[in-house]
Amino acid sequence: MLDLRGRAPREILYSSRAPARTKHRRSAIGTRGAVTRANRESPNEIVAALNGVRGRILLDSGSAINAVSLNYVRNRLKVVYKALDECEKRNFRAANGTAVNTVGKVDLTLNVQGLNIPITFYVVASLSDNVLLGIRFMKETRAVLDCSKNMLILYDGLVAAPL
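Calculation rules
- Residues numbered from 1 in each chain as written.
- Predicted model: local features only at pLDDT ≥ 70, side-chain atom pairs only at ≥ 80, totals over all residues.
- Heavy atoms only, no water.
- Helix = DSSP H or I, 4+ residues; strand = E, 2+ residues; numbered from the N terminus.
- Buried < 20%, exposed > 50% of the residue type's maximum accessible area, 1.4 Å probe, protein only.
- Contact = heavy atoms within 4.5 Å.
- Pairing = 2+ DSSP bridges.
- Phe/Tyr/Trp six-rings, centres within 6.5 Å; stacked < 30°, edge-to-face > 60°.
- pLDDT = per-residue confidence, 0-100.
- Axes fitted to C-alpha atoms, helices over the stretch in contact; angles between N-to-C directions.
- Polar contact = N/O pair within 3.5 Å; in protein donor to acceptor, adjacent residues only side chain to side chain.

Colleague: What am I meant to see in the environment of Val47 here?
Modeller: Turning to its location among the elements, Val47 is positioned in strand S1 (residues 45-50). Assessed through its relative accessible area of 34%, Val47 is described here as partly exposed. Distance from Val47 to Leu58, taken between C-alpha atoms, is 9.1 Å for residues 11 residues apart in sequence. When sequence neighbours within four positions are dropped, the list of residues in contact with Val47 reads Arg54, Gly55 and Arg56.

And the structure:
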């Protein structure tokens, strides 16, 4: 198939350049043709409300803790967290081996499809996602990630949320 000038439109059909959604975000895997953090959708995120604030929440079975970013607590949730004293501080490590700076704890209510679930979160100074639900949450809620249906199922089928 040729265009009006007699050339194959391969530069249009096979372009590796993704449309830019924001000029301030860097690409997740390079500078050309990659999905940016601003426009990607993770297959392991749900949309839910945390203390009434709706947002995307990462489900991370590799995380031992439930975590919320310090910026999210201050700017979006606007709640007060309890600072950790020296005996409560733990040495958490990220998947890449770097130390995770936990600054406090906060009790929040997660609303998934109308079901309110009280959860204790560690407040983390720098977190790549705003909210992260770890293996502790998954065990307590008997969570099932049904990848074939793209669903998160909690409490043996009591509630289900799309991924």
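Colleague: Which parts of the structure should I look at to understand the pairing of strand S2 (residues 53-59)?
Modeller: Consecutive residues of a regular strand have side chains that alternate between opposite faces of the sheet. Taking burial as the measure, the seven residues of S2 include five buried ones, the bulk of the element. Pairing geometry for S1 and S2, over six bridges, is antiparallel. Paired with Ala49 across the strands is Arg54, a residue of S2. Hairpin remark: S1 followed by S2, antiparallel, with two residues in the connecting loop; positive phi at Asn51, about 55°. Inspection of the sheet shows S2 paired to strand S9 (residues 131-133) by two bridges, in the parallel sense. Bridge pairing links Leu58 to Leu132 in S9.

Colleague: Is there a simple way to think about the pairing of strand S12 (residues 159-162) in this case?
Modeller: By the alternation rule, side chains of S12 split into Val159 and Ala161, which are all buried, and Ala160 and Pro162, of which none is buried. Sheet topology places strand S11 (residues 151-154) next to S12; four bridges connect them, and they run antiparallel. Note that in S12 the partner of Leu154 across the bridge is Val159. Turn length for the S11-S12 hairpin, with the two strands adjacent in sequence and antiparallel, is four residues, and the turn residue Tyr155 shows positive phi of about 50°.

Colleague: Would you mind showing me how to read the packing of aromatic side chains here?
Modeller: The geometry of an aromatic ring pair is captured by the separation of the ring centres together with the interplanar angle, meaning the angle of the planes. Using the criterion set out here, one finds one aromatic pair in the structure. Seen in terms of ring centroids, Phe92 and Tyr122 are 5.1 Å apart; in terms of plane orientation they differ by 65°. Their pairing is edge-to-face. In this pair, Phe92 is assigned in strand S5 (residues 92-93) and Tyr122 in strand S8 (residues 115-124), connecting sequence segments 30 residues apart.

Colleague: Whenever I open this one, unusual backbone geometry confuses me. Can you help?
Modeller: Both trends apply: most residues other than glycine have a negative phi, and most peptide bonds are in trans. The phi dihedral of Gln113 falls on the positive side, at around 50°, and the residue is not glycine. By secondary structure assignment, the location of Gln113 is in the loop between strand S7 (102-112) and S8. Backbone geometry places Arg142, a non-glycine residue, at a positive phi of 50°. For Arg142, the position within the fold is in the loop between helix H3 (135-140) and strand S10 (144-146).

Colleague: What exactly am I supposed to notice about the confidence of the model for the protein here?
Modeller: In regions of low pLDDT, the predicted coordinates are not meant to be interpreted in detail. On average, the protein scores 78 in pLDDT, and the residues at 70 or more come to 74%. Contacts of residues 7-40 to residues separated by more than four positions or lying in other chains number 30 contacts, the stretch itself having pLDDT below 50.

Colleague: Please explain the sheet that holds S12 as it appears in this structure.
Modeller: By definition, the strands of a sheet pair up through backbone hydrogen bonds, in either a parallel or an antiparallel sense. If you trace the three strands from one edge of the open sheet to the other, you get S10-S11-S12, paired in antiparallel fashion. Across the chains shown, the open sheet's two edge strands, defined by having one partner strand only, are S10 and S12. Direction aside, the axes of adjacent strands within the sheet are offset by 20° on average.

Colleague: Sorry if this is basic, but what is going on with the side chain of Asp146 here?
Modeller: Structurally, the position occupied by Asp146 is in strand S10. Among the polar contacts made by the side chain of Asp146, one reaches the side chain of Ser148 at a distance of 2.7 Å. In contact with Asp146, not counting residues within four places along its chain, are Met151 and Ile153.

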